[in-house]
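This is what each chain is made of:
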Amino acid sequence: MDNQRNTEVLHKSFISKLIKRYGTFNNVRNKFESTSNSIIARDLFYSDSQFSRLINNSASEGEFKRALGNIERLLDLDQLKKKTPSNVNNAKNNIVLNRKFLFLAVGILFSLIIISFFYFKRYDSTKIGEVLSDDSRYEMLKWGFENKFIQPYVKLKELPDDCYYPCYKYQGKWKLKQEYKIPFYRERNGFHYVAKEAIMYARCMDERDDKGEFFEGYEYQKHELWYDKREFPIDSFLTNGSNTQIRDLYNNSNLEEDSNFVKIAYVHTFFRTEFQIDSSLIYRTGKAIGRDIEFVSDEILDSQLNDRVSLIGLKDEIKAISVNRLEDYSKPISCNPTIAPNINFNLIEEGDEMSFNCHFSIDRFIIDYNKTYIFDDQYINNYCR
């Protein structure tokens, strides 16, 4: 009981010190109105999961004590900055004023790094031991949006007086709500693409004079390539009488539980999307700008494939897909506009969804699929007045 009381006292002290630095705290949602929990975690040099334990009062007494030391050092640093000469403050103001230029420059450099990494790894995908971990890939993107030195988001104080800047409520982290599947068409049947995971950071494109009606998303995707040992033709997975519509039974199936399917490889993709807000509609355009393939280990594949299937031949097919068929995924996407989560953009909030019906062209087939984003971590929780 004493430990529980101690942690409750430490938790209240921790929250009160955070309020001094980050403003109003929503006790119901355990979030701050002006700054996302992810950004505060970065300021304190914590992961999202570590900060979640602290903010939800599920951390240990030792964790709270260390966290209090971290926030106290930040508060002390804030006080020191207030006492610095005016020229330092002016320099800081200049950095804020030039945020648009800084993010553009860093964004270009970041994109070049990502493209170079994916380009070279794509043609070296057989060297499994050299492939970076998923965390390493994602961290490269996460670093660009969750650090205190570069602020890519537009803030409330930067909005116009009439508050008409629709994109500001869309800023933050979005995730893929549910997976979707697309059968591949090749000279040899049996290959399937499963869109499994995606994390997208969205920001207003304030470098444009567009009244806040455009925002862009930088997205890391981890998808999968599967092989159907029966090698059924592509139209086996389409609805009767349709050359574009995928069967619900196939799309909702779990390939992990079907012994006919073997997971061959993971596909890692860096994707950039532009969204346009047009009254009640949102338009989506974009394309992949980097990709590499990570094969499942030979031992696992050998244990799951039929004797008549050559592992070397199968991997050669996958490499051919990566060079040829996955090029189709690098073409600009074709999607129908979707209705905005809320007609009043000021009321967009976490948990909202953007659902796009899109078309994928592969050789002579055009496949329809749905991609739905769900708002996971909103940068600005309250709204402009």
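Residues numbered from 1 in each chain as written. Predicted model: local features only at pLDDT ≥ 70, side-chain atom pairs only at ≥ 80, totals over all residues. Heavy atoms only, no water.

Peer 1: Pulling in residues and values, what's your account of the state of the cysteines?
Peer 2: By the definition in use, this model includes three disulfides. For Cys 167, the disulfide goes to Cys 204, at an S-S distance of 2.1 Å. Its S-S torsion of about 120° marks the bond between Cys 167 and Cys 204 as right-handed, since a negative value means left-handed. Of the two residues, Cys 167 sits in the loop between α7 (134–145) and β3 (172–176) while Cys 204 sits in strand β5 (residues 191–204), which places them 37 residues apart along the sequence. A residue is classified by how much of its surface remains accessible, and Cys 167, at 0% relative accessible area, is buried. For Cys 204, a relative accessible area of 0% gives the class buried. Through a disulfide, Cys 335 is tied to Cys 358; the S-S separation comes to 2.1 Å. (Disulfide = S-S within 2.5 Å. Helix = DSSP H or I, 4+ residues; strand = E, 2+ residues; numbered from the N terminus. Buried < 20%, exposed > 50% of the residue type's maximum accessible area, 1.4 Å probe, protein only.)

Peer 1: Before we move on, can you summarise the pairing of β5 with the specific residues and values?
Peer 2: The buried fraction of β5 is high, at twelve of 14 residues. Two elements, β3 and β5, share four bridges in a ladder whose sense is antiparallel. Paired with Lys 175 across the strands is Ile 199, a residue of β5. In terms of strand pairing, strand β4 (residues 180–183) meets β5 through four bridges, oriented antiparallel. (Pairing = 2+ DSSP bridges.)

Peer 1: Can you lay out the confidence of the model for the protein for me, pointing to particular residues and giving the numbers?
Peer 2: On average, residues of the protein carry a pLDDT of 79, and 78% of them reach 70 or more. Taken as a whole, residues 85–98 scores under 50 in pLDDT and shows three contacts with residues more than four places along the chain or in a different chain. Counted against residues more than four places away or in other chains, residues 115–133, with its pLDDT under 50, gives 27 contacts. (pLDDT = per-residue confidence, 0-100. Contact = heavy atoms within 4.5 Å.)

Peer 1: Hey, could you go over the nonpolar core for me, with residue numbers and the actual values?
Peer 2: Tyr 168, Tyr 170, Trp 174, Phe 215, Phe 275, Met 354 and Phe 356 are the most contacted members of the largest nonpolar core, which totals 58 residues. The dominant element in this core, judged by the number of residues it contributes, is β5, at eight residues. The contacts of Tyr 168, once residues within four sequence positions are left out, are Leu 156, Leu 159, Cys 204, Phe 345, Asn 346, Ile 380, Asn 382, Tyr 383 and Cys 384. (Core = buried A, V, L, I, M, F, W, Y, C linked by side-chain atoms within 4.5 Å.)

Peer 1: Which residues make up unusual backbone geometry, and what values go with them?
Peer 2: Phi is positive for Cys 163, close to 65°, though the residue is something other than glycine. Residue class for Cys 163 comes out buried when judged on its relative accessible area of 8%. Positioned with a positive phi, Ser 279 is a non-glycine residue whose angle comes to about 60°. When you line up the elements, Ser 279 lands in the loop between β7 (261–278) and β8 (281–295).

Peer 1: Give a description of the packing of aromatic side chains that names residues and reports values.
Peer 2: Under the defined criterion, the tally for this structure stands at 20 aromatic pairs. On the basis of an interplanar angle of 65° and a centroid distance of 6.4 Å, the ring pair of Phe 14 and Phe 51 is categorised as edge-to-face. Pair noted here: Phe 14 is in helix α1 (residues 2–22) and Phe 51 is in helix α3 (residues 48–55), with a separation of 37 residues, a long-range link. Pairing Tyr 180 with Tyr 369 gives two aromatic rings, centres 4.9 Å apart and planes at 20°, and the pair type is stacked. Taken together, the positions of Tyr 180 in strand β4 and Tyr 369 in strand β12 (residues 365–378) put the pair 189 residues apart, joining distant regions of the chain. Just as Tyr 180 is buried, Tyr 369 falls in that class too. Following the ring pairs from residue to residue traces out a cluster consisting of Tyr 170, Trp 174, Phe 215, Phe 275, Phe 356, Tyr 373 and Phe 375. The ring of Tyr 266 carries Lys 222 above its face, with NZ or CZ at 4.6 Å from the centroid. Here the guanidinium or amino end of Arg 385 rests over the ring plane of Tyr 383, the centre of that ring lying 4.4 Å away. (Phe/Tyr/Trp six-rings, centres within 6.5 Å; stacked < 30°, edge-to-face > 60°. Lys NZ or Arg CZ within 6 Å of the ring centre and 35° of its normal.)

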